[in-house]
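Inside the fold
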Amino acid sequence: MKKILALVLSAILVLGMFVGCGSDSNEVDVPEIKGMSKSPIDTVELTVDYEVPGTFKIGFICLHDENSTYDLNFLNAVDTIQKTLKLSDSQVIVKTNVPEGDECYVAAKDLVDSGCNIIFANSFGHEDFMIKAAKEFPDVQFCHATGTKAHTENLKNYHNAFASIYEGRYLAGVAAGMKLNEMIADGKFTAEEAKIGYVGAFTYAEVISGYTSFYLGAKSVCPTVTMDVQFTGSWYDAPKEKNAAEALIAKGCKLISQHADSMGAPGACEKAGIPNVSYNGSTYDSCYETFIISSAINWAPYYNYIIGSYVKGEEIAADWCGGIAEGSVVLTGINQDVAAEGTFDAIKKAVEDIKNGTIKVFATKNFTVEGKELTTYLADVDTDAAFTPDTEVIADGYFHESEYRSAPCFDLRIDGITLLNQEF
Amino acid sequence: MSLFGLHIVKREPMSWYKNMFVRAVAIIASLILSAVVITLLTNKNPLQIYASMFDGVFGSDLRIWSMAQNVAILLCISLAVTPAFKMRFWNCGAEGQVLIGGLANVSVMMFLGDKLTYPVLIIVMILASVAAGIIWAVIPAIFKAIWNTNETLFTLMMNYVAIQLVAFFLKYFVKNGSGVLTPMEEYGLPVIGHSYVLNIITVAVLTVLVYIYLKRTKQGYEISVVGESENTAKYIGINVKKVIIRTLVVSGAICGIAGLLLVGGTNHTISTTTVDGRGFTAIMVSWLAKFNPVFMIFTSFLIVFLQNGANQVSTDFRLPSAISDIITGIILFFIIGCEFFLQYKIVASKSGKENN
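Bear in mind the structure is a predicted one, so any value in this text is a computation, not a measurement. (Residues numbered from 1 in each chain as written. Chains lettered and ligands numbered in written order. Predicted model: local features only at pLDDT ≥ 70, side-chain atom pairs only at ≥ 80, totals over all residues.)

Bringing the environment of Arg278(B) into the picture now. Residue position: Arg278(B) is located in helix α11 (residues 278-288). Taking the C-alpha atoms as reference points, Arg278(B) and Gly113(B), 165 residues apart in sequence, are found 28 Å from one another. (Helix = DSSP H or I, 4+ residues; strand = E, 2+ residues; numbered from the N terminus.)

On to the packing of helix α6 (residues 165-185) of chain A against helix α7 (residues 205-221) of chain A. Two packed helices can be described by the angle between their axes and the distance between those axes. Residue and element names in this part refer to chain A. Two elements in contact, α6 and α7, have axes separated by 6 Å at closest approach and are oriented at 40°. Accordingly, the angle class assigned to the pair α6 and α7 is oblique. Seen from above, α6 lies across α7 with right-handed handedness. Taken together, the residues of the contact of α6 with α7 sort by class into 14 nonpolar, eight polar and two charged. (Axes fitted to C-alpha atoms, helices over the stretch in contact; angles between N-to-C directions. Parallel < 35°, antiparallel > 145°, perpendicular 65-115°, else oblique. Left-handed = near helix turned anticlockwise from the far one by under 90°. Nonpolar A, V, L, I, M, F, W, Y, C, P; charged D, E, K, R; others polar.)

Residues and elements named next belong to chain A. Taken together, the seven strands give an open sheet; going across it, the order is β12-β10-β9-β8-β6-β7-β17, and neighbouring strands pair in mixed fashion. Both outer strands of the open sheet, β12 (329-331) and β17 (417-419), are each paired with one neighbouring strand and no more. Put simply, the sheet's adjacent strands are angled 20° from each other on average, direction ignored. Pairing analysis gives five bridges linking strand β6 (residues 195-200) to strand β8 (residues 255-259), with the strands arranged parallel. Note that in β8 the partner of Tyr198 across the bridge is Ser257. (Pairing = 2+ DSSP bridges.)

For the rest of this paragraph, the subject is the interface of chain B and chain A. Across the boundary between the two partners, chain B contributes 28 residues, which contact 28 residues of chain A. For the side of chain B that touches chain A, the residue count by class is seven nonpolar, 16 polar and five charged. (Contact = placed C-beta atoms within 7 Å.)

All names here are of chain A. Among the secondary structure elements, Gly147 is positioned in the loop between β4 (141-145) and α5 (150-153). Along the primary structure Gly147 and Phe124 are separated by 23 residues, whereas in three dimensions their C-alpha atoms are 5.5 Å apart. Look past the residues within four positions of Gly147 in its chain and what remains in contact with it is Phe124, Glu127, Asn160 and Ala407.

Set out below in structure tokens:
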């Protein structure tokens, strides 16, 4: 009898919760929501000057699935290119949740078996297994995002790709700096207290290049800004990213951004009411009270490039790095309820300045390392077992990012940014 | 236990064909329910979905090899946890024991690869992996035997230590900070014919050995007795502490071999996710097979079939992987549920005057 009573009571409780929720949301006053603006970067339409034969097939290998913001960004581009080229579902094969091990090699071979002409993999750790498959199947083109070895492997059918996302990060940084300025002007904290928190995955060039350009963008409008970086040691770990963001907020960071692939950091910001500049795409839908803007790589232009090259019988470049002009570097719209007044115009102007070369993100006059401006730096561009620096990357007053290979190689620790943990 | 006048009682053992019949009914029921769920959620034809699962597992030579390899690795880890579980030592640390075996293996490749001749290198790799697996398993065993610490928590914690050690060494091995170690294929285990053949043969031999060890040796008998009742074991003169430690040495050694096969035999590199949760899946494989190594061939096949099949479904129909997880969940729920009903039955209590 007691049990029945308990069951009935718990049923009432559960029902009550639903009813409660319903009435709550009805009572809240809805403030005027201005919502998202359009993107400060004009959309670049894909130009298709070729006809895809019905026998053509392309395969995609993704590390995670649509739950990871990183992979979702690739999958969205797959949808875009499939619609643009009017490819049938059997012409586009997508494998998700493929680990960075032998499984990637098996997945690539399976795609070859299925008749794919081009195989694309999206995670850094897939590279060696893609190269292994590329050597075995010289007639199939293997394209890999974020990898570093194509220009030294000298395989005709293995290619790397990236985007000059540091420019997008810089632009997103401008939005962050303007938000800090607004909060300083509102008397929320002093100019000296303006500190950004950044959740990074690994102490790897791709991450370092990202947070440094983001910081430089913020600094271009808010000169007193400093930044703390907390690493998670994982590309995708929601609890770790959430904890890192919370720790940064507790340390007095006024704004958070991240280079890690889960909703951990944006979610923590939304809970704490701390503004967030996101990556890989908009997190507005679940974080509309704190989301400002997000930079992302749009992979559709690269997909268009490789499919076009293959169909036309042209060679695919060993390294391909798309920028703003190609439509590879994109920004989401700006959340006008959170971003500072005038953010849209400030970014729009910075976009023009980057396009006409007035702004070089990594201009050596903009940053110092241990108090000194750099005039020379050897970066590790060609991957070898000992990771020896091999290429001079500073010339004409700026660091030549993504020019000698598509993947970022900026790994300087510049002044103003504190790395809280370097274990990863 | 009594709820709504219903009552759970233990069954008399049933004949084997009756058991098989109940299991078959359970699987068919699970397929029907899955079909309903698939149709409601996705509007796809469930028969096509099942066809796609079969295609993902048996569709090509490559897929069959891949399935056999996955079964071999999962079975190997399941064999490792079985002696401990049979002894009712809840070893939830296979994940870490395999990983640490792999880490030892990768370290040998890294530092001794170019210093030793190939045959010596292979021997050192085997010894290092097995030793590392044993150390990781025997630490909680010693604490359990001497101070009666909780082995479930202890082995779970050891997993995290192993994962963090791998992260630490990756940072140390890979100076550019990417956390991705280039595979060292030249130092891998020898390839006999197809690259998975060695793994499959090794695990096949291990299956027979573990079967004999558990069913036909004095030590295997001692494990059963300690598992049934520690007091009985003590009463008949079995040194329980010794049995606990010795069994976990066996368990850890097999985990070390799994690490060797995964790293030295397959990936030739390591990451924190190399074991990919199989240390925990192995527990289910072992339980479902009632700790019988031969049945474990079927249960590990079942799990791999569901996983590989579900992946193919995601690919063929562009469904979110959650849908495949739901199908896998429903099928496993029925299978585990039917094992329960093979041992127990529900009867209506007669006005609270039931006995039993």
